[in-house]
Amino acid sequence: MTHAPETAPAAEAGAAPAATRTLRVVVAMLTYKRPDDLAAAVPALLAQAGSVPDDVRLLVVDNDPDGSARAYVEASGADYLHEPRPGIAAARNAAITATGDADVLVFIDDDERPVDRWLALLLATYRETGAPCVVGPVVSEFAVQPDAWVRAGRFFDRRRLPTGTPVTVAATNNLLLDVATLRRTGVRFDEAFGLSGGSDTLFSRTLVARGLRMVWCDEAVVVDVVPADRSTRAWVLHRARRSGNSASRCAVALAGSAAGRTRARVRAVLEGSVRVGAGAARTAVGAVLRSPEHDARGRRTLARGTGMVSGAVGHVVYDYARG
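S.K.: Which residues make up unusual backbone geometry, and what values do they have?
M.R.: Phi angles above zero are rare outside glycine, and Lys33 is one such case at about 55°. When you line up the elements, Lys33 lands in the loop between β1 (24-31) and α1 (35-49). The backbone phi angle of Arg290 is positive, close to 55°, even though this residue is not glycine. Within the secondary structure layout, Arg290 lies in the loop between α9 (258-289) and α10 (292-312). Exposure remark for Arg290: the relative accessible area of 77% places this residue in the exposed category.

This is the structure:
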């Protein structure tokens, strides 16, 4: 399939180039029953909004059916949007719909804290590169010290790349999107992934498959505050299974045709089986050498491979429990 050449962000007829005009920006933060995170994140994001010369509004999308965040958000001066349909994909789609005539939509999570000038740096990369998608890094900080097994595996070390590096996949915890370009693609978050996770992976990979350029902005860091229940061995292994599961399901969803989906399933089973074997072997090495690093990395690889195989055959690993 061929794609029309990509145009500069928001370069519609009669509009000034993004590099020279004031942008209308929506920063969208999704939340679900996290009052403490909300109380920390909203003031930080409002400060970011006031630190740039562009027209910025903070939109908090509350995915709690009971609308528990309404009173706090409305009192803070941020915009409040209630999306009672369960699932993070539904909340992300609600944010896209609510952008109105904005030029730029920026996604961030409620358990993340932006560094100084985070928003300004994202917008600067958007202007300078002309890319309709800009991704920033996430750095983890822990509420409590993880155990030795988790530390040995270095599971919370995330990628860092030079600014301007093209990337092909992104989460929505630090992502800028050109609204006009996004709307021309018609791409939305797949709500079949709403409670399992992976809708952001499928979304970003679909945008790249449609010919959109996605680039990295290494200075625009957000800090992920990791609670105690997410810095455990059990959580790491569950997330690895879920990640492998959603990776296979995304590959199948992107395949396009029945034959393509079959090939994607077979490939996922084969690749997952290789990971299972490699993970089991490394775990055994860890036992022989009494190495926490080999044990941790091996068990995580095995869990991801198991998830890949299960996703290929249609099983879903859920990540966002409701309660």
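S.K.: Can you tell me about the sheet that holds strand β4 (residues 104-109), naming the residues and giving the values?
M.R.: The strand order across the open sheet formed by seven strands is β3-β2-β1-β4-β8-β6-β9, and the pairing between neighbours is mixed. Edge strands, defined here as strands with exactly one partner in the open sheet, are β3 (79-82) and β9 (214-216). Sheet twist, expressed as the mean angle between neighbouring strand axes with direction ignored, is 20°. Relative to strand β2 (residues 55-62), β1 is paired through eight bridges, and the arrangement is parallel. From the neighbouring strand, Ala28 faces β2, where its bridge partner is Leu59.

S.K.: Describe the sheet that holds strand β7 (residues 138-142), with residues and values.
M.R.: Judged by pairing direction, the sheet is mixed, and its three strands sit side by side in the order β5-β10-β7 without closing on themselves. With one partner strand each, in any of the chains shown, β5 (112-114) and β7 form the two edges of the open sheet. Neighbour-to-neighbour, the strand axes of this sheet turn through a mean angle of 30°, independent of strand direction. Across three bridges, β5 lies against strand β10 (residues 222-226) in antiparallel orientation. Along β10, the bridge assignment pairs Pro114 with Val222.

S.K.: Summarise the packing of α9 against α10; cite the residues concerned and give the values.
M.R.: The geometry of a pair of packed helices is captured by two quantities: the angle between their axes and the separation between those axes. One way to put it is that α9 packs onto α10 with a least axis distance of 7 Å and a crossing angle of 160°. For the element pair α9 / α10, the angle class is roughly antiparallel. In this structure, α9 crosses over α10, and the sense of that crossing is left-handed. Classifying every residue of the contact of α9 with α10 gives 10 nonpolar, 11 polar and nine charged.

S.K.: A description of the confidence of the model for the protein should follow, citing residues and the corresponding values.
M.R.: For the protein, mean pLDDT is 92; residues scoring 70 or higher make up 93% of the total. Contacts from residues 10-16, a stretch scored under 50 in pLDDT, to residues over four places away or in other chains number eight contacts.

S.K.: Let's hear about the nonpolar core: which residues, and what values?
M.R.: Among soluble globular proteins, nonpolar side chains are generally buried collectively. With 35 residues, the main nonpolar core has Val27, Met29, Val106 and Trp118 as its most contacted residues. Broken down by secondary-structure element, the contributors of at least two residues to this core are β1, α1, β2, β4 and α4 (118-129). In terms of nonpolar packing, the next biggest core, distinct from the first, is built from 29 residues, Val61, Val135, Val167 and Phe203 among them.

The rules behind these values
- Per-chain numbering applies: the sequence of each chain, read as written, is numbered from 1 onward.
- Side-chain atom pairs in this predicted model are given and counted only at pLDDT of 80 or more, local residue features only at pLDDT of at least 70, and totals for whole chains, interfaces and linings cover all residues.
- Each side-chain value is worked out from all heavy atoms of the structure, with water and hydrogens disregarded.
- Strands are runs of DSSP state E lasting at least two residues, helices are runs of H or I lasting at least four, and both sets are numbered from the N terminus onward.
- Only protein chains enter the calculation, and the probe is 1.4 Å; a residue is then buried if its accessible area is under 20% of its type maximum, exposed if over 50%, and partly exposed in between.
- Pairing between two strands requires that DSSP report at least two bridges joining them.
- Axis definition: a line fit to C-alpha positions, over the contact stretch in the case of helices; interaxial angles, taken between N-to-C directions, run 0 to 180 degrees.
- Relative orientations are named as follows: roughly parallel for angles under 35 degrees, roughly antiparallel for angles over 145 degrees, roughly perpendicular for angles from 65 to 115 degrees, and oblique for any other angle.
- Crossings are assigned a handedness: left-handed for a near helix turned anticlockwise from the far helix by less than a right angle, right-handed for a clockwise turn.
- Three classes are used: nonpolar for Ala, Val, Leu, Ile, Met, Phe, Trp, Tyr, Cys and Pro, charged for Asp, Glu, Lys and Arg, and polar for all others, with Gly counted as polar.
- Each residue carries a pLDDT score, the predictor's confidence in it, ranging from 0 to 100.
- Throughout, a residue-residue contact means that at least one pair of heavy atoms, one from each residue, lies within 4.5 Å.
- What is meant by a nonpolar core is a set of buried Ala, Val, Leu, Ile, Met, Phe, Trp, Tyr and Cys residues, joined one to another through side-chain atoms within 4.5 Å.

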